[in-house]
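Take a look at the letters that make up each chain.
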Amino acid sequence: MKRFYCECGQELFFENDKCEGCGRQVGFDPSSLAMFTWFEGGATPGQLAERELRYCGNMSLYGACNWLIDAQSESELCLACRCNRTIPNLKKPVNRKRWKALERAKRRLVYSLLRLGLRLVSKWDDPEDGLWFDFLEDKRSDEEVDEGFVTTGHAGGVITINVLEADASLREAMRESMNEPYRTLLGHFRHESGHYYWQSLVADDPEVLTRFRRLFGDESIPYDQALSDYYATGPVADWQQRFVSAYASAHPLEDWAETWGHYLHMTDTLETAMEYRFVPAGAAAASFDERFRHWESLTVALNSLNRSMGLADAYPFVLSPLARQKLAFVDHILVVQRQRGTVPQE
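Rules behind the numbers
Residues numbered from 1 in each chain as written. Predicted model: local features only at pLDDT ≥ 70, side-chain atom pairs only at ≥ 80, totals over all residues. Heavy atoms only, no water. Salt bridge = Lys/Arg side-chain N within 4 Å of Asp/Glu carboxyl O. Helix = DSSP H or I, 4+ residues; strand = E, 2+ residues; numbered from the N terminus. Buried < 20%, exposed > 50% of the residue type's maximum accessible area, 1.4 Å probe, protein only. Pairing = 2+ DSSP bridges. Axes fitted to C-alpha atoms, helices over the stretch in contact; angles between N-to-C directions. Contact = heavy atoms within 4.5 Å. Core = buried A, V, L, I, M, F, W, Y, C linked by side-chain atoms within 4.5 Å. pLDDT = per-residue confidence, 0-100. Phe/Tyr/Trp six-rings, centres within 6.5 Å; stacked < 30°, edge-to-face > 60°. Lys NZ or Arg CZ within 6 Å of the ring centre and 35° of its normal.

## Digging into the pattern of salt bridges
Next, step 1: Tallied over the entire structure, the rule returns 23 salt bridges.
Next, step 2: With a closest N to O distance of 2.5 Å, Glu271 and Arg115 form a salt bridge. Of the two residues, Glu271 sits in helix α10 (residues 252-275) while Arg115 sits in helix α4 (residues 93-115), which places them 156 residues apart along the sequence.
Next, step 3: Among the residues examined, Glu271 registers a relative accessible area of 5% and is labelled buried.
Next, step 4: Between Lys326 and Asp255 there is a salt bridge whose closest N-O contact spans 2.6 Å.

## Digging into unusual backbone geometry
Next, step 1: Of note in the backbone geometry, Leu33 takes a positive phi value of approximately 55° without being a glycine.
Next, step 2: For Leu33, the position within the fold is in the loop between β3 (25-29) and β4 (34-38).
Next, step 3: The residue Arg277 is not glycine, and still its phi comes out positive at about 65°.
Next, step 4: When you line up the elements, Arg277 lands in the loop between α10 and α11 (288-308).
Next, step 5: Judged by its relative accessible area of 76%, Arg277 is exposed.

## Remarks on the sheet that holds strand β8 (residues 132-136)
Next, step 1: Taken in spatial order, the four strands make up an open sheet running β7-β8-β10-β9, and their pairing is mixed. The open sheet is flanked by β7 (84-86) and β9 (153-155), the only strands paired with a single partner. When the angles between neighbouring strand axes are averaged without regard to direction, this sheet yields 25°.
Next, step 2: Bridge count for β7 against β8 is two bridges, and the pairing is parallel. Note that in β8 the partner of Thr86 across the bridge is Asp134.
Next, step 3: Strands β7, β8 and β10 (158-162) of the sheet are contacted by α4, whose axis makes an angle of about 155° with β8.

## What to know about the nonpolar core
Buried together is how nonpolar side chains tend to be arranged in soluble globular proteins.
Next, step 1: Ranked by size, the top nonpolar core spans 75 residues in total, and within it Val202, Trp256, Trp260 and Leu319 carry the most contacts.
Next, step 2: Ranked by size, the runner-up nonpolar core spans six residues in total, among them Trp38, Tyr55, Met59 and Leu68.

## Side note on the confidence of the model for the chain
Next, step 1: The share of residues in the chain with pLDDT of 70 or more is 95%, and the mean pLDDT across the chain is 92.
Next, step 2: Taken as a whole, residues 342-346 scores under 50 in pLDDT and shows eleven contacts with residues more than four places along the chain or in a different chain.

## Describing the packing of aromatic side chains
Next, step 1: On inspection of all chains with the given rule, the structure shows 30 aromatic pairs.
Next, step 2: An angle of 70° between the planes, with centres 4.8 Å apart, marks the rings of Tyr196 and Tyr197 as edge-to-face.
Next, step 3: Overall, Tyr197 belongs to the buried group, its relative accessible area being 4%.
Next, step 4: Three or more aromatic residues joined by ring pairs form one cluster here, namely Tyr196, Tyr197, Trp198, Phe212, Phe216, Trp256, Trp260 and Phe329.
Next, step 5: The side chain of Arg3 reaches across the aromatic face of Tyr276, ending 3.8 Å from its centre.
Next, step 6: One Lys or Arg, Arg324, reaches over the ring of Phe292 and ends 5.6 Å from the middle of that ring.

## A few points about the pairing of β10
Next, step 1: For β10, a buried count of five out of five residues is recorded, marking the element as mostly surrounded by other parts of the structure.
Next, step 2: Burial along β10 is two-sided: Val158, Thr160 and Asn162 and Ile159 and Ile161, pointing in opposite directions, are all buried.
Next, step 3: Sheet topology note: the β9/β10 ladder contains three bridges and is antiparallel. Within β10, the residue paired with His154 across the bridge is Ile159.
Next, step 4: Once β9 ends, the chain turns through two residues before running back antiparallel as β10, passing Gly156 with a positive phi of about 60°.

What follows is the structure in structure tokens.
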């Protein structure tokens with residue numbers, strides 16, 4: 001994540017809609033990946049950007065989004081919010097809190113995807129290849145809904161997140177019950193986006209698919225049975241030597257999605273670390289090998305800092321040489337896309 005500043009010099013967080021220093025309004029423009037600030041009643045964000053801009057409709061209605069859109073847009077929603085198909089029932093106060101947490105994590109994901117130059121479009125605009133998000137409840141949080149159990153996942157360009165994942169205490173309980181070292185909202189979004197991009201980045205290119213199968217395995221093996229076996233017997237015995245996580249051993253497609261998610265962890269965190277000078281300038285744009293070395297060093301430091309505060313490790317993973325190869329495969333795909341002109345250079 002880049003660092004952002006108000007005109008008064010105050011540092012801004014990505015989620016800010018107001019400067020804590022001078023009171024200016026704050027908005028993020030996804031087209032330029034820049035923050036704009038203005039005094040309410042004075043200059044507008046459109047005047048500052050030399051384009052007519054306005055807040056996403058979810059700001060004026062719910063205070064739930066600080067992103068900007070073109071003033072002439074037919075949609076009232078920004079790119080990130082327009083990708084929603086289903087949001088939870090906002091008549092329930094607890095769901096407003098949950099939804100805002102989901103949107104914060106989703107906007108972090110969208111920032112990363114835009115930063116990488118990946119195509120992102122809503123299914124409202126591209127029904128065939130676009131993306132939707134469904135934030136759903138089940139009977140555990142609302143006895144009146146029909147769904148007995150909503151599983152977070154992806155199918156056919158729709159990413160589903162159970163709204164209970166937005167409750168920190170419940171999410172932690174699920175993490176403990178599933179013996180996971182790491183479980184966050186942002187982690188869910190990054191993982192599921194990997195399933196979405198697998199089709200366009202891997203499956204649609206026979207040469208890339210062949211390389212994928214050599215490294216990750218044959219994705220055509222029955223998925224449901226593989227997941228059932230994983231939950232019944234646990235990960236393969238040597239998963240630490242072959243996968244980024246235990247869950248990645250469940251099926252080649254889960255291996256890809258977990259690896260993709262870790263690649264986004266690495267890319268975004270390294271950019272943040274570079275902005276704060278924890279790693280050398282230019283580290284986020286260096287070769288993969290160099291970035292990975294910085295990543296290893298940075299995660300050791302992050303974990304040590306957390307332990308000094310009595311917290312769990314920020315990155316509780318040890319990446320084997322084979323897991324590193326898989327991360328390099330993701331990186332290579334994106335480099336090739338840039339060279340082909342499919343993904344624009346930053």
